[in-house]
Amino acid sequence: MEHIVIALGVQCLLWPLVGRWVAGSLIVAIFLGREIAQHEYAGGGPNHVGVLSGLFHHWSPDSILDVLSPAVACALLALLAPGSLLWRRRRIRRQRDTR
């Protein structure tokens, strides 16, 4: 849960600078890199494992959720936030219905 809160907070902070999709992608990439580094250390450290070892080994359901849950939350925020494509479509439909 804390990863979701952190990801959404950072996405909102970076949003004005780089846009909603890039901001969400940046924070999810940070969480992914953190998990890969933790898996490398679980395998003996970055000097003792192969280049892609952290990407393919030592993944648990908890570590998958540590990356997947912020990714889903950031994508939902980017899709549903004011100014997004879905938001504009909804506003256009409401304007048509009121006429």
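Note that the structure is a prediction, hence the values are computed from the model and not measured. (Residues numbered from 1 in each chain as written. Predicted model: local features only at pLDDT ≥ 70, side-chain atom pairs only at ≥ 80, totals over all residues. Heavy atoms only, no water.)

1. Some points on the nonpolar core
Line of reasoning, step 1. Membership of the largest hydrophobic core is limited to 5 residues, which are A7, I27, V28, F31 and C74.
Line of reasoning, step 2. It is helix α2 (residues 20–42) that contributes the most residues to this core, 3 residues altogether.
Line of reasoning, step 3. Excluding residues that lie within four positions of it along the chain, F31 makes contacts with H3, I6, A7, D66, V67 and P70. (Core = buried A, V, L, I, M, F, W, Y, C linked by side-chain atoms within 4.5 Å. Buried < 20%, exposed > 50% of the residue type's maximum accessible area, 1.4 Å probe, protein only. Helix = DSSP H or I, 4+ residues; strand = E, 2+ residues; numbered from the N terminus. Contact = heavy atoms within 4.5 Å.)

2. Some thoughts on the packing of α2 against helix α4 (residues 61–80)
Line of reasoning, step 1. Direction vectors running N to C along α2 and α4 enclose 180°, while the axes themselves pass 9 Å from each other. Looking at the two axes, α2 sits roughly antiparallel to α4. Of the residues in α4, those in contact with R20, W21, G24, I27, V28, F31, L32, E35 and H39 of α2 are S63, D66, V67, P70, A71, C74, A75, A78 and L79.
Line of reasoning, step 2. Of the residues belonging to the contact of α2 with α4, the class tally is 12 nonpolar, 3 polar and 3 charged. (Axes fitted to C-alpha atoms, helices over the stretch in contact; angles between N-to-C directions. Parallel < 35°, antiparallel > 145°, perpendicular 65-115°, else oblique. Nonpolar A, V, L, I, M, F, W, Y, C, P; charged D, E, K, R; others polar.)

3. Overview of α2
Line of reasoning, step 1. The end-to-end C-alpha separation of α2 is 33 Å, in line with the 33 Å expected for 23 residues at 1.5 Å each.
Line of reasoning, step 2. The complete set of buried residues in α2 reads R20, A23, G24, I27, V28, F31, E35, I36, H39 and E40.
Line of reasoning, step 3. Along its buried surface, α2 packs onto α1 (2–18), α3 (53–56) and α4.
Line of reasoning, step 4. Phi turns positive one or two residues past the end of α2, at G44, with a value near 120°. (Expected span 1.5 Å × (residues − 1).)

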